[in-house]
Amino acid sequence: MKPFIGIVSRVCSDGNSGCVESIRKAVIKMGGIPVLILPLEDKVELEYTYSKLEERDLTRLLKLCDGFIVPGGELFTHLDELVIKYAIKEDKPLLGICLGMQILSKVLINDDRRIDNTVLNKSQIKHYQPDKQYCHYVNIAEDSKLFKILGQEKILVNSRHNYHVPDMPSCYITALSEDGFIEGVELKSKTFIIGVQWHPESLLSIDKNAYNLFSAFFRAINSSQKFHQKKR
């Protein structure tokens, strides 16, 4: 059976919530069924905190998903953090991309403040280049799950971000850009809780590293499905 992949929605330029199309297509290409996770609040804003009742309602949906993708974008909310915390608690595979990696980093260091803790990029490398296929190299830690997946210490990536993650414990960091910004994080104690600052979904058909990362995500989902079926 094809897995259900929960994709956290993003607020579009017209103010409506929707799916990142490149993520939806990537999920379908890899054999998954995309499920859009929409905000439960009336007005989507960073400062909003979900009530216990809203968290219970959200959990009903999350239980249906076999894995999660927290995509890039401009605005994140409490919804993103709750999805990430649920995936960690239930050990369900989760892939954070760009903004999704930044939110994952925030959750990993237990920063529950309703603020954006990222820092404006100040570097000779221009990290916001949305139309460029490859922008810079990323160095990958050899003791990371990411290294085991890609099998390389250094790869070329695309880049679309103006802000980066501040310093955090090295045990979570898996990749750094040439100018020292955090480009990858993961939780080693879980099956697949991985975030990357670049956009592998945009390179899926042309880049083996992007394909290998998504393949590993779906393999982890397959293993997780079997585990959770045994628990039932």
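So, how was this worked out
- Residues numbered from 1 in each chain as written.
- Predicted model: local features only at pLDDT ≥ 70, side-chain atom pairs only at ≥ 80, totals over all residues.
- Heavy atoms only, no water.
- Axes fitted to C-alpha atoms, helices over the stretch in contact; angles between N-to-C directions.
- Helix = DSSP H or I, 4+ residues; strand = E, 2+ residues; numbered from the N terminus.
- Left-handed = near helix turned anticlockwise from the far one by under 90°.
- Contact = heavy atoms within 4.5 Å.
- Nonpolar A, V, L, I, M, F, W, Y, C, P; charged D, E, K, R; others polar.
- Pairing = 2+ DSSP bridges.
- Polar contact = N/O pair within 3.5 Å; in protein donor to acceptor, adjacent residues only side chain to side chain.
- Phe/Tyr/Trp six-rings, centres within 6.5 Å; stacked < 30°, edge-to-face > 60°.
- Buried < 20%, exposed > 50% of the residue type's maximum accessible area, 1.4 Å probe, protein only.

Before going further, it helps to spend a moment on the packing of helix α3 (residues 78–90) against helix α4 (residues 99–108). It is at 10 Å that the axes of α3 and α4 come closest, and there the two elements cross at 65 degrees. Judged by the twist between their axes, the crossing of α3 over α4 is right-handed. In contact with Asp 80, Glu 81, Ile 84, Lys 85 and Ile 88 of α3, α4 contributes Gly 100, Ile 103, Leu 104, Lys 106, Val 107 and Leu 108. Looking at the contact of α3 with α4 residue by residue, the class counts come to six nonpolar, one polar and four charged.

As summarised here, the arrangement of the nine strands in space is β4-β1-β5-β6-β13-β12-β11-β8-β9, forming an open sheet in which the pairing is mixed. The open sheet has two edge strands with one neighbour each: β4 (33–37) and β9 (154–157). The sheet shows a mean angle of 20 degrees between the axes of neighbouring strands, direction not considered. Together, β5 (67–70), β6 (94–97), β12 (182–186) and β13 (193–196) form the strand contacts of α4, whose direction differs from that of β12 by roughly 55 degrees.

For the rest of this paragraph, the subject is the side chain of His 164. Structurally, the position occupied by His 164 is in strand β10 (residues 163–164). Engagement of the side chain of His 164 in a polar contact is seen with the side chain of Asn 121, the distance being 2.8 Å. Not counting the four nearest positions on each side in its chain, His 164 is found in contact with Gln 102, Thr 118, Val 119, Leu 120, Asn 121 and Phe 181.

Inspection of every chain in the model, using the stated rule, returns four aromatic pairs. Relative to Tyr 86, the ring of Phe 68 has its centre 6.0 Å away and its plane inclined at 90 degrees; by these criteria the two rings are edge-to-face. Taken together, the positions of Phe 68 in strand β5 and Tyr 86 in helix α3 put the pair 18 residues apart, joining distant regions of the chain. Summarising the aromatic geometry, the rings of Phe 217 and Phe 218 are spaced 5.4 Å apart at their centres and angled 85 degrees between planes, so their arrangement reads as edge-to-face. Per residue, the accessibility class of Phe 217 equals that of Phe 218, and both read buried. Among the aromatic residues, those joined into a cluster by ring pairs are Phe 192, Phe 217 and Phe 218.

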